Amino acid sequence: MDGIYRTGKVFSVKKSQPILVQSEGVTHDEEFYFLSNLDQNIAVIIQTVYCFKQDDMKCSKNVANVIKQALAKVLVHFYPLAGNLTISPDGKLIVECSNDGVPFVEAVADCSIDVLGDITIPDPVILGELVHTIPGAKNILAMPLLTAQVTRFKCGGFVLGMTINHCMTDGISAMEFVNSWAETARGMSLTVPPFVDRSILRSRQSPTISYDHKEFMEIQDKSNMERLYEEEQIVYDSFYFDQEKIGRLKKLAMEDGEIKSCTSFTVLTALVWRARSKALKMKPHQETKLLFAVDGRSKFSPPLPKGYFGNGIVLTCCLCKVGELVQKPFSHVVGLVQDAIKMVDEEFIRSTIDYFEVTRARPSLTATLLITSWTRLSFNTTNFGWGDPSQSGCVTLPEKEVVLFLSKGRDKGTTLLLGLPRTAMKTFQDLILA
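Okay, so let's go over this structure. Because the structure is a prediction, the values reported are computed rather than measured. (Residues numbered from 1 in each chain as written. Predicted model: local features only at pLDDT ≥ 70, side-chain atom pairs only at ≥ 80, totals over all residues. Heavy atoms only, no water.)

1. As for the sheet that holds strand 15 (residues 368-373)
Overall, mixed pairing links the six strands, which are arranged 12-18-17-15-13-14 in an open sheet. On the outer flanks of this sheet lie strand 12 (234-241) and strand 14 (313-321), each paired with one strand and no other. Between one strand axis and the next, the sheet turns by 20° as a mean value, whatever way the strands run. Where strand 12 and strand 18 (residues 414-421) come together, eight bridges link them in antiparallel fashion. Counted as the bridge partner of F241 is T414 from strand 18. Across the sheet, helix 8 (residues 330-342) lies against strand 13 (287-295) and strand 14, angled at about 145° from strand 14, the strand it touches most. Along the sheet, helix 10 (residues 422-432) makes contact with strand 12 and strand 18, crossing strand 18 at roughly 145°. (Pairing = 2+ DSSP bridges. Helix = DSSP H or I, 4+ residues; strand = E, 2+ residues; numbered from the N terminus. Axes fitted to C-alpha atoms, helices over the stretch in contact; angles between N-to-C directions. Contact = heavy atoms within 4.5 Å.)

Encoded structure:
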C-alpha cells in the first residue's frame, strides 16, 4: 500500500493473506447457536486495537504465532465465534456452528509503534490498517463474527487489531473473551470460563409487554439534521473530564436541591445530551431521545451466571422536547437520566425481550444520542505475555449517534469520544469546554 501520514511521518503496513484459525477441538454437538432477543438489534462490527510497546525482556518475533495458537485453544470455549451468522426460519439472527474459523492476518509496519501517537480519537484511515475487515461484504451476514490481525513494528512493539460482531458480545463479555485469550497465550487456565447458554434469555411463552418501550419510537427530523450530516465531513474529538471537573458538574446538578446525589455517568450524560442537541441546532419543538445501555446481569433473580457470554445489556430511554432539555435546570436533565436507570429491573428486561419477540422492532436513531460507557472495562490489563497494552482504542464509532465514555488508564477521570459534522463539532467544543 502507499504510505500513510501519521504524527508527521509516513508509514506503511504489509499484510499476509488471512488464514482461518479453527477451534482446536469440538466440545459441543450443536448445529446452530441461539442468539437472544437482546443480541438481535446490535449486529454491528466493533473494531478495536491494543498497542504493546517493546518488552526488553522478551522478543516479539514470534508474537503472531503465540496469539494465533492461543486463539485456536480459546475457541474451544468460545466456539460460536468460529461459526457464521445466518438467519433462522423465524427470521432472527442465529449462528451456524460450522467452525469455519476466524480470519487471522500477520502484518509488518515499516516504522516504530510511536508513530501511532495517541490513538484515543478514532481514525478509520490509520487505525483501519491495523484491523482485518471485509470491504466487499454486502451485508452483516457476509462478515466474520471475529477477525484478528497482529502487526509488528520495527521497534519490537506490536498491535493486536480485532473486529467482533456486537451481536456476539457486549463490552463485558468481549473483555472476558479477550482476557481469556490472553490467559491462554500465557498458558493459564481461564479465570472466567464462559457461560454460553443464551436460552436463559428466551422470550416468555406468553410474551408480556409491560412498558411503553419508547426506545423504539420513531421521531421525525424537524431540524434537518440529516442534511447537515450529508453535507459536512464527520470529525472526531475527545474530551477529558478529571475528578475536579466532574465534581463541579455534580455540584451544579445538586445546587437547587432537586436531586440529592448523582454519579459521574449521570452528570456527563446530561451534559453531552444537552450540548450535542444545541450543537446540531435542534429546534425547540424537536423531540430528542437519549438511549444508553444498562448492564442487566445483576437485575435478574438469580443474577445471570458469571461469565455469561452474550449481550446482558438493555437500552433504556429518556425522551423530551429540545426546548425542555436546554431551558430547564441542569438538575432536571440529570433527573431524567436517573429515572431511566431506575426503570431497569428484571421485568423491564423481560418486557424488552418480549417486545422484540412480538414486534421485531428496532430502536430508531433519528434525533437520538446513544451513550456507550466502557469506563468499567479493563482494556489496559490484557497481557498476552508481553505486558499490558500501553494504550487501546476504537478504529471508528459504530454509528454517528454514538458517544463513547472511556476511563483514562488507571485514572479516575472519564474521556468522552464522539463524531459530529465539522461546524457542529466546533459549537460542541465551545459548549463542553465553557
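Now that the structure has been shown, we can carry on.
2. Description of helix 10
Among all positions in helix 10, only A424, M425, F428 and I432 are buried. Buried positions in helix 10, seen along its axis, are confined to an arc of 100° and lie on one side of it. Buried residues belonging to helix 10 abut helix 4 (225-231), strand 12, helix 6 (264-279) and strand 18. (Buried < 20%, exposed > 50% of the residue type's maximum accessible area, 1.4 Å probe, protein only. Arc of directions from axis to C-beta.)

3. Brief notes about unusual backbone geometry
Most peptide bonds take the trans configuration, and most residues that are not glycine carry a negative phi. Look at the link from S301 to P302: it is a cis peptide, with omega at -5°. As for its position among the elements, P302 is in the loop between strand 13 and strand 14. One non-glycine residue, N224, adopts positive backbone phi at about 60°. Here N224 is to be found in the loop between helix 3 (171-185) and helix 4.

4. Digging into the pattern of salt bridges
Enumeration over the complete set of coordinates arrives at 15 salt bridges. Here E106 makes a salt bridge to K68, at a shortest N to O gap of 3.5 Å. With E106 in strand 9 (residues 102-109) and K68 in helix 2 (residues 63-74), this pair connects stretches of sequence that are 38 residues apart. Using a relative accessible area of 17% as the deciding quantity, one classes K68 as buried. By sharing partners, the salt bridges in this structure join D170, D295 and R297 into a single network. (Salt bridge = Lys/Arg side-chain N within 4 Å of Asp/Glu carboxyl O.)

Keep in mind these values describe shape, not function.
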